[in-house]
Amino acid sequence: MCSTPGSSKHENFDDFYSEVKQIEKRDAVLTSEQQINRLLRPGSTYFNLNPFEVLQLEPEATVTDIKKKYRSLSILCHPDKNQDNKDQAQQAFEVINRAYKVLSNDITRKKCLEVYEEAKDRTDHMIAEKKKKLKKDGRGDESIPEDDPDKYKHSIYVMVMKLFADMERRRQQLETRDMEERKRKRESEIEEEEKKKADKEWQKNFEESRQNRVQSWHSFQSGSSGKKAKKQKKSLAFNPPKLKPEMR
């Protein structure tokens, strides 16, 4: 029977999931090299969004369990303990620290647990829809993959990772939007400052030119008054008429 593209994709992810879980079981030995490779493996940016995944803990883990696992992992991945691989050890160590900070805080740990609850609710809803469709098609007695406990747990796991990825994407979008808003605000402030500076400079130049204009006007007025007075004085002087010689 020829498989559809969708089923092939699902099978590929199932294989990948199984491989990841096998690696995690192997890495439960907790060797330094294995843990560093696990935390920095391809796709780690996606997996490391889930702090329970980073510390290899189930969501039911207690605060004591979280502290205990954090101590063991942080010692294994500490750069001082991995001198031959110090840079990668530092990266892994930082991933562990971030996960521990999230899970050691009551508020952020609660948010992570809410992600698991939502993932379970969505998975249960998806299962109910699948069974509803089978019943509608007259195949209500058929089983679905999620009837298997391991498959059911796998579906929840996939949904958990999707929800953490969605949260991170929204966080990045908000951060980008906030950064753009702060940039626009700063540009507006700079524009306003430059406008005020230009207005101040214009006012200063206007005042200076105003003084020059007043002085020029006074000088003009003084010069005009002197010329007018001189002209009036000249017009008041008596000039006797010239006598013409008598003709004979």
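Analysis parameters
- Residues numbered from 1 in each chain as written.
- Predicted model: local features only at pLDDT ≥ 70, side-chain atom pairs only at ≥ 80, totals over all residues.
- Heavy atoms only, no water.
- Helix = DSSP H or I, 4+ residues; strand = E, 2+ residues; numbered from the N terminus.
- Buried < 20%, exposed > 50% of the residue type's maximum accessible area, 1.4 Å probe, protein only.
- Areas by Shrake-Rupley, 256 points an atom, 1.4 Å probe, with all protein chains shown as cover.
- Phe/Tyr/Trp six-rings, centres within 6.5 Å; stacked < 30°, edge-to-face > 60°.
- Lys NZ or Arg CZ within 6 Å of the ring centre and 35° of its normal.
- Salt bridge = Lys/Arg side-chain N within 4 Å of Asp/Glu carboxyl O.
- Expected span 1.5 Å × (residues − 1).
- Polar contact = N/O pair within 3.5 Å; in protein donor to acceptor, adjacent residues only side chain to side chain.
- Patch = residues over 30% accessible without salt bridge, like charges linked within 9 Å, V, L, I, M, F, W, Y side chains within 5 Å.
- Lys, Arg positive; Asp, Glu negative; His and termini not counted.
- Charge placed at Lys NZ, Arg CZ, Asp CG, Glu CD.
- Core = buried A, V, L, I, M, F, W, Y, C linked by side-chain atoms within 4.5 Å.
- Contact = heavy atoms within 4.5 Å.
- Axes fitted to C-alpha atoms, helices over the stretch in contact; angles between N-to-C directions.
- Parallel < 35°, antiparallel > 145°, perpendicular 65-115°, else oblique.
- Arc of directions from axis to C-beta.
- pLDDT = per-residue confidence, 0-100.

A.B. asks: Let's hear about the overall build of the chain: which residues, and what values?
C.D. replies: When helices and strands are counted, the chain shows eight helices and zero strands. Each helix (α) and strand (β) of the chain, taken in turn from the N terminus, gives the series α-α-α-α-α-α-α-α. Within the chain, the fraction of its 248 residues that count as buried is 25%. Counting every atom, the chain has about 19400 Å² of accessible surface; 54% of that belongs to carbon and sulfur.

A.B. asks: Kindly report on the packing of aromatic side chains, identifying the contributing residues and their values.
C.D. replies: The way to describe two aromatic rings as a pair is by their centre distance and the angle between their planes. On inspection of all chains with the given rule, the structure shows three aromatic pairs. Relative to phenylalanine 47, the ring of tyrosine 46 lies with its centre 5.5 Å away and its plane at 75°, an arrangement referred to as edge-to-face. Between phenylalanine 52 and tyrosine 116 the ring centres are 5.6 Å apart and the planes differ by 90°, which places this aromatic pair in the edge-to-face class. In this pair, phenylalanine 52 is assigned in helix α4 (residues 51-54) and tyrosine 116 in helix α7 (residues 106-136), connecting sequence segments 64 residues apart. This pair shows no difference in class: phenylalanine 52 is buried, exactly as tyrosine 116 is. If you follow arginine 41 out to its NZ or CZ, it ends over the ring of phenylalanine 47, 4.6 Å from the centre.

A.B. asks: Break down the pattern of salt bridges for me, with residues and values.
C.D. replies: For the coordinates displayed, the defined rule picks out 18 salt bridges. In this structure, lysine 195 and aspartate 199 form a salt bridge, with 3.4 Å as the shortest nitrogen-oxygen distance. Of the two residues, lysine 195 and aspartate 199 are both situated in helix α8 (residues 149-236); the distance of four residues between them amounts to about one turn of the helix. Accessibility expressed as a relative area gives 45% for aspartate 199, which makes it partly exposed.

A.B. asks: Can you break down unusual backbone geometry residue by residue, with the values?
C.D. replies: Glycine aside, the phi torsion of most residues is negative, and most peptide linkages are trans. In this model, glutamine 56 sits at a positive phi of 55°, which is unusual for a non-glycine residue. Within the secondary structure, glutamine 56 is located in the loop between α4 and α5 (63-77).

A.B. asks: An account of α7 is requested, with residue identities and associated values reported.
C.D. replies: Between its terminal C-alpha atoms α7 stretches 45 Å, which fits the 45 Å expected from 31 residues at 1.5 Å a residue. Along α7, the positions that sit buried rather than exposed are Arg109, Cys112, Val115, Tyr116, Ala119, Thr123, Ile127 and Leu134. You can read the cap of α7 off the contacts: a side-chain oxygen lies 2.9 Å from the backbone nitrogen of isoleucine 107, and it is on asparagine 105. Looking one or two residues beyond α7, the residue adopting positive phi is glycine 138, at roughly 75°.

A.B. asks: How would you sum up a negative patch on the surface? Please name residues and give values.
C.D. replies: A cluster of acidic side chains, namely Glu187, Glu191, Glu192 and Glu194, defines a negative patch on the protein surface. With respect to the helices, strands and loops of the structure, glutamate 191 is situated in helix α8.

A.B. asks: Please give an account of the nonpolar core that cites residues and values.
C.D. replies: Generally speaking, nonpolar side chains in soluble globular proteins are found buried as a group. Leu39, Val54, Leu55, Ile66, Ile96 and Val160 are the most contacted members of the largest nonpolar core, which totals 27 residues. Once you skip the residues sitting within four places of it in the chain, leucine 39 turns out to touch Ser44, Asn48, Val54, Cys77, Ala92, Val95 and Ile96.

A.B. asks: Before we move on, could you go through the side chain of glutamate 146 and cite the residues and values that matter?
C.D. replies: Assignment of secondary structure puts glutamate 146 in the loop between α7 and α8. Since its relative accessible area comes to 8%, glutamate 146 is described here as buried. Among the polar contacts made by the side chain of glutamate 146, one reaches the side chain of lysine 130 at a distance of 3.1 Å. Apart from residues lying up to four places away in sequence, glutamate 146 is in contact with Met126, Ile127, Lys130, Lys151, Tyr152 and Ser155.

A.B. asks: Can you tell me about the packing of helix α6 (residues 86-104) against α7, naming the residues and giving the values?
C.D. replies: One way to put it is that α6 packs onto α7 with a least axis distance of 5 Å and a crossing angle of 95°. Judged on the interaxial angle alone, α7 and α6 are roughly perpendicular. Contacts from Lys101, Val102, Leu103 and Ser104 in α6 reach Asp106, Thr108, Arg109 and Cys112 in α7.

A.B. asks: If you had to explain α5 to someone new, which residues and values would you point to?
C.D. replies: The periodicity of an α-helix, 3.6 residues per turn, causes residues three or four positions apart to be oriented the same way. End to end, α5 covers 21 Å across 15 residues, agreeing with the expected 21 Å (1.5 Å per residue, within 8%). All of the buried residues in α5 are Ile66, Lys69, Tyr70, Leu73, Ser74, Leu76 and Cys77. The arc enclosing the buried residues of α5, seen along the axis, measures out at 155°, which places them on a common side. Those residues of α5 that are exposed and aimed more than 90 degrees away from the buried face are Thr64 and Lys68. Structurally, α5 contributes buried residues whose contacts are with α2 (32-39), α4, α6 and α7.

A.B. asks: Explain the confidence of the model for the chain to me, and be specific about the residues and the numbers.
C.D. replies: Atomic detail in the predicted coordinates should be set aside for any region of low pLDDT. Looking at the chain as a whole, its pLDDT mean stands at 83, while 77% of the residues score no less than 70. Segment residues 1-6 is flagged for pLDDT under 50; beyond a separation of four residues in sequence, or across chains, it makes one contact in the model.

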